[in-house]
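Listed below, chain by chain, are the residues.
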Amino acid sequence: MVSLRCKMMVQEELKRLGLKYIIVDLGVAEVLEDITENQRQLLKENLLKSGLELLDDKKSILIEKIKNVITEMIHYSEELPKENYSDYISHKLGYDYTYLANTFSEVKGITIQQFIIMHKIERVKELLLYDELNLTEISYKLNYSSVAHLSNQFKKITGLSPSFYKQMKQKRKGNLENL
């Protein structure tokens, strides 16, 4: 679960099945009583209809937790942590980072660092589209060592420079206004 909408969908589904929950948070739902196999199956099927997946195995749950920590850190925090991301993630989840990194790479086929970079670039795109911050401010906000470093990563991931990406947005906006 990544959004408030996802959490609300899970809460509604648990209520529909008559299950009382303690907490429904990003990637986690804790219910008061034991779930029958029939309830588990219905929950799984109904969540799938909504595009959500019920995770049963421990590795998948851990991967979701890692993804949620990273998503929350990059997209929903006012300020990124000043400590190393590896230390932050390890501290947040209570696992050794090497274990987390190996498990993540084994299951997802990419490193945690690559996943973080992809999310940071998505965040850069959002911030460029909002047009509230310039590239220097975005670079600072996302803890890049320099604007050049951000620009190089952006181009490597998207194939475009940040300024060209922003120009494309302005052209689209202009085209829509001319309709």
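What comes next concerns the included structure. (Residues numbered from 1 in each chain as written. Predicted model: local features only at pLDDT ≥ 70, side-chain atom pairs only at ≥ 80, totals over all residues. Heavy atoms only, no water.)

What about the nonpolar core?
- Residues Ile66, Ile70, Ile89, Ile112 and Ile116 are the most contacted members of the largest nonpolar core, which totals 29 residues.
- With 8 residues, the top contributor of residues to this core is helix H6 (residues 112–130).
- Discounting residues that sit within four places of it in the chain, Ile112 has contacts with Ile66, Ile70, Ile89, Tyr97, Leu100, Ala101 and Phe104.
- Judged by nonpolar contacts, the second largest core, of 10 residues, contains Leu14, Val24, Leu47 and Leu52. (Core = buried A, V, L, I, M, F, W, Y, C linked by side-chain atoms within 4.5 Å. Buried < 20%, exposed > 50% of the residue type's maximum accessible area, 1.4 Å probe, protein only. Helix = DSSP H or I, 4+ residues; strand = E, 2+ residues; numbered from the N terminus. Contact = heavy atoms within 4.5 Å.)

A look at the pattern of salt bridges
- Inspection of every chain in the model, using the stated rule, returns 8 salt bridges.
- A salt bridge links Lys82 to Glu79, with the shortest nitrogen-to-oxygen separation between them at 3.9 Å.
- Its relative accessible area of 60% is what places Lys82 among the exposed residues.
- For Lys125, the salt bridge identified is with Glu122, shortest N-O distance 3.0 Å. Taken as a pair, Lys125 and Glu122 lie in helix H6 at a separation of 3 residues, close to a single helical turn.
- Taking the relative accessible area as the measure of exposure, Glu122 reaches 38% and is therefore partly exposed. (Salt bridge = Lys/Arg side-chain N within 4 Å of Asp/Glu carboxyl O.)

Focus: the packing of aromatic side chains
- In total, this model carries 3 aromatic pairs according to the counting rule given.
- Taking 5.4 Å as the distance between ring centres and 65 degrees as the angle between the ring planes, the aromatic pair formed by Phe104 and Phe115 counts as edge-to-face. Placement of Phe104 in helix H5 (residues 97–108) and of Phe115 in helix H6 is noted, with a sequence separation of 11 residues between them.
- Note on Phe115: relative accessible area 8%, which makes it buried.
- Note on Phe154 and Tyr165: the rings are 5.6 Å apart at their centroids and 70 degrees apart in plane angle, and the pair reads as edge-to-face. (Phe/Tyr/Trp six-rings, centres within 6.5 Å; stacked < 30°, edge-to-face > 60°.)

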